[in-house]
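# Breakdown of the fold
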Amino acid sequence: MSTEETVEEVQCCCSHDEAQETIDPAPQPLIVEEEEVNNGKKKVKIAVVGCSHGEMDAIYETMAMIEEKKGYKFDLLICCGDYQAVRNHGDLPHMSIPPKYRSLQTFYKYYSGEKKAPVLTLFIGGNHEASGFLCELPNGGWVAPNIFYMGFANCIQFAGLRIAGLSGIYSHGDVDFSHYERPAFAERDVKSAYHVRNVDMFRLRQLKAANNDKLSNPVDIMLSHDWPGGIPDFGDSAWLFKKKDRFKEDHKSGKLGNPALMKLIYDCRPRYYLAAHLHIKFAALVPHKGSGSERPQPTRFLSLDKPIPGREFMQALEINVASDAKMELSYDPEWLAILKNTDLLTTADKTKIVLPDRIGSVPCVYERKDFRPTAEELEEIAKLGDLTIKTDTFKQTAPPLKEDTPEAKNVPPSAYYRNPQSAEFCQWLGIRDLNYLLVEKSSDYVGIPFYMMPDSDETESKPNQDDVDFGEDDFIIDRGHGSEEPEAKKSRLEENKEEEEEEGQSEDVVAPE
């Protein structure tokens, strides 16, 4: 967690053209932190996008255009799901979308090495993903040089900021199960593979502060693809329901978003909460218990659109960090301890997991209910040494696509691979390796990783993560239109208006019983 003092913040633009109503105890979400004079801080500049939908060329071009106009460089790009890390045409059948909408997009160029991400990129999964690839990395890892996937759930650090993330969307029918899916996917499994699990949300809830700590915000930034259920009540819901009229009934019936995420907000009190999925920009402010100075900072919620013309899909955050903060990713020691503490909950069998904090008819079988790390457990993590996330561990498991030809389309669905990043991480931490357990379930559809092939021409590449000196501008926002749109963005049009209406609320989002 960032150790910064209280800072003055300035308002950024609202999520729409109308003024948002004032919400107690403060006005609409504030996105930029004003730097105090001589306080030993510096600003980290973070670009945030909603659903990426594989449009990495367009996203990076938009960032470059902004950097040129503003005269500074971004330190980090955060993508809030539907990233679509498609390595080749064999990954497309692992996406749960109608075949006519399956498209290679541009990520494959970064996987193959044809291009390199110009800025360190961090993302979570959504409901439009190459699920076979992502389930090789349950605890996260590099999907290409300079592009890091956070796994099913994670908490890592960047420049001293704690960033927690949850991949997928909510489905009541799957939330209690373990992660058991892998290629070859059954028809049902290709959907359930991207559904969030209670075990992941339980682990994230262990990031909450100590019981006697009523003021801190233990997490700086929290990410999910889904919206937290009930979040419209904390923003301009009248405007939202006018723009998306189907949302009103879904909100009233409890179908809009993940009903468990609001508890995560109240437990972990993140300063910023970033989401996507519903293809509209919307801001909200969630206050926490307390009064006056005896109250934690509120949680500023922001959801963004997808990268198509005329849509607000990108927002910049400027957050103060320590002047000596390193612009690199590192493992969060508390999260590592939580993974070790909850290792008994990891299984590749298709089974419902009874959580230690569950209240219901099923008796608790665990001696321990609170898995927040103790001082002794954190001391054990400290023995691991340097927690910096290595940047040279990426390996190509599936064959890279060097040229998109008609022949390249005629390939079978991708196999499932043993990923060396998962093996190294789990062995280092001393926890069960879900990637290994999934491979061991069956030898069917398990492939030999491409990097192990004798004719592999894979080369290792270390990304550039040098510190950058930034300008004075407080914030920027890409409104998705104008004469200076990047070419890749201009060329991308909505394929079908009916698709947009269908994606307004995923069919997989089900009201809790």
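Rules used throughout
- Residues numbered from 1 in each chain as written.
- Predicted model: local features only at pLDDT ≥ 70, side-chain atom pairs only at ≥ 80, totals over all residues.
- Heavy atoms only, no water.
- Buried < 20%, exposed > 50% of the residue type's maximum accessible area, 1.4 Å probe, protein only.
- Helix = DSSP H or I, 4+ residues; strand = E, 2+ residues; numbered from the N terminus.
- Polar contact = N/O pair within 3.5 Å; in protein donor to acceptor, adjacent residues only side chain to side chain.
- Phe/Tyr/Trp six-rings, centres within 6.5 Å; stacked < 30°, edge-to-face > 60°.
- Core = buried A, V, L, I, M, F, W, Y, C linked by side-chain atoms within 4.5 Å.
- Contact = heavy atoms within 4.5 Å.
- Pairing = 2+ DSSP bridges.

### Overview of helix α9 (residues 333-341)
At 3.6 residues per turn, the α-helix brings residues three or four places apart onto the same side. When α9 is considered as a whole, its buried residues turn out to be W335, L336, A337, I338, L339 and N341. Of the residues flanking the start of α9, the one acting as N-cap is D332, its side-chain oxygen 3.2 Å from the backbone nitrogen of E334.

### Quick notes on the packing of aromatic side chains
One pass over the full model with this rule turns up 18 aromatic pairs. Measuring from centroid to centroid gives 5.8 Å for Y111 and F133, while their planes differ by 75°, and the two rings are edge-to-face. Linking Y111 in helix α2 (residues 107-112) with F133 in helix α3 (residues 131-134), this pair joins segments that are 22 residues apart in sequence. Their ring planes at 50° and their centres at 6.0 Å tell us that F425 and W428 sit as a pair that is tilted. Of this pair, F425 and W428 both sit in helix α12 (residues 420-429), separated by three residues, roughly a single helical turn. Residue classification places F425 among the buried positions, given a relative accessible area of 8%. Since its relative accessible area comes to 29%, W428 is described here as partly exposed.

### Description of the nonpolar core
Among the nonpolar cores identified, the biggest contains 131 residues, and I46, Y60, L77, I78, I147 and I221 are the most heavily contacted of them. When residues no more than four places from it in sequence are discounted, the contact partners of L77 are A47, V49, M56, I59, Y60, M63, V119, L120, T121 and L122. Membership of the second largest hydrophobic core comes to six residues, among which are V199, L345, I353 and L355.

### Overview of the side chain of N419
For N419, the position within the fold is in the loop between α11 (406-409) and α12. By relative accessible area, which is 1% here, N419 ends up buried. Once residues lying within four places of it in the same chain are set aside, the contact partners of N419 are E136, L137, T397 and N435.

### Points about the pairing of strand β6 (residues 141-144)
Bridge analysis of β6 against strand β7 (residues 147-149) gives three bridges, and the strand direction is antiparallel. Bridge pairing links W142 to F148 in β7. Between β6 and the antiparallel strand that follows it, β7, lie two residues; N146 among them carries a positive phi value of about 75°.

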